Amino acid sequence: MLSQLILLFIGGTEIIFILFIVVMVFGADKIPEIARGLGKGMRTLKDATNDIKHEVTKSAKENGVIDTEVTQSINEELNKVRDEVEDFAGSVKRKS
């Protein structure tokens, strides 16, 4: 979400200029290596976050903190409301 917000303020010319500076500083042969390293780092961070989330959820279920029936019914109600809002928004968009 934040990256989308930041990209709203950067135009195509600025992105090309930044890429040009990156090529000048690191060289064209190093860019794929840097991108690979960033990708691996992001993947490691995502995996670690998912592991922590899984452990917290597992621990909460074992200790009875999370009532799965209640959360399922809440999710069902939220999905119904979301569908109704989408239907309403769709009809408003068509009328405009």
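Note that this is a predicted model, so its numbers are computed, not measured.

### Details of the overall build of the protein chain
And step 1. Counting secondary structure elements, the protein chain contains four helices and zero strands.
And step 2. When the elements of the protein chain are put in sequence order from the N terminus, they spell out α-α-α-α.
And step 3. Within the protein chain, the proportion of its 96 residues that are buried is 3%.
And step 4. Here the protein chain has roughly 8900 Å² of accessible surface; of this, 64% comes from carbon and sulfur atoms.

### Looking at the pattern of salt bridges
And step 1. A complete count under the given rule lists four salt bridges for this structure.
And step 2. The closest approach of N and O atoms between Arg43 and Asp47, which form a salt bridge, is 3.5 Å. Note that Arg43 and Asp47 are positioned in helix α3 (residues 31–62) at a spacing of four residues, about one turn of the helix.
And step 3. One salt bridge in this structure joins Lys80 and Glu77, with 3.8 Å as the shortest N-O distance. Here Lys80 pairs with Glu77, and both are found in helix α4 (residues 68–95), just three residues apart, close to one helical turn.
And step 4. For Lys80, a relative accessible area of 48% translates into the label partly exposed.
And step 5. Glu77 sits in the partly exposed class, given a relative accessible area of 46%.
And step 6. One network of salt bridges, in which partners are shared, links Arg82, Asp83 and Glu86.

### Considerations on helix α2 (residues 12–26)
And step 1. Helix length check: α2 (15 residues) gives 21 Å between terminal C-alpha atoms against 21 Å at 1.5 Å per residue, within 8%.
And step 2. One or two positions beyond α2, positive phi appears at Gly27, with a value near 90°.

### A look at a nonpolar patch on the surface
And step 1. A cluster of nonpolar side chains, Phe17, Ile18, Phe20, Ile21, Met24, Val25, Phe26, Ile34 and Leu38, forms an exposed patch at the surface whose accessible area comes to about 920 Å².
And step 2. Looking at the nonpolar patch element by element, the count peaks at seven residues for α2.
And step 3. The residue Phe20 is located in helix α2 in this model.

Cut-offs used in this document
- Residues numbered from 1 in each chain as written.
- Predicted model: local features only at pLDDT ≥ 70, side-chain atom pairs only at ≥ 80, totals over all residues.
- Heavy atoms only, no water.
- Helix = DSSP H or I, 4+ residues; strand = E, 2+ residues; numbered from the N terminus.
- Buried < 20%, exposed > 50% of the residue type's maximum accessible area, 1.4 Å probe, protein only.
- Areas by Shrake-Rupley, 256 points an atom, 1.4 Å probe, with all protein chains shown as cover.
- Salt bridge = Lys/Arg side-chain N within 4 Å of Asp/Glu carboxyl O.
- Expected span 1.5 Å × (residues − 1).
- Patch = residues over 30% accessible without salt bridge, like charges linked within 9 Å, V, L, I, M, F, W, Y side chains within 5 Å.

Read these as layout, nothing more, since geometry by itself doesn't imply function.
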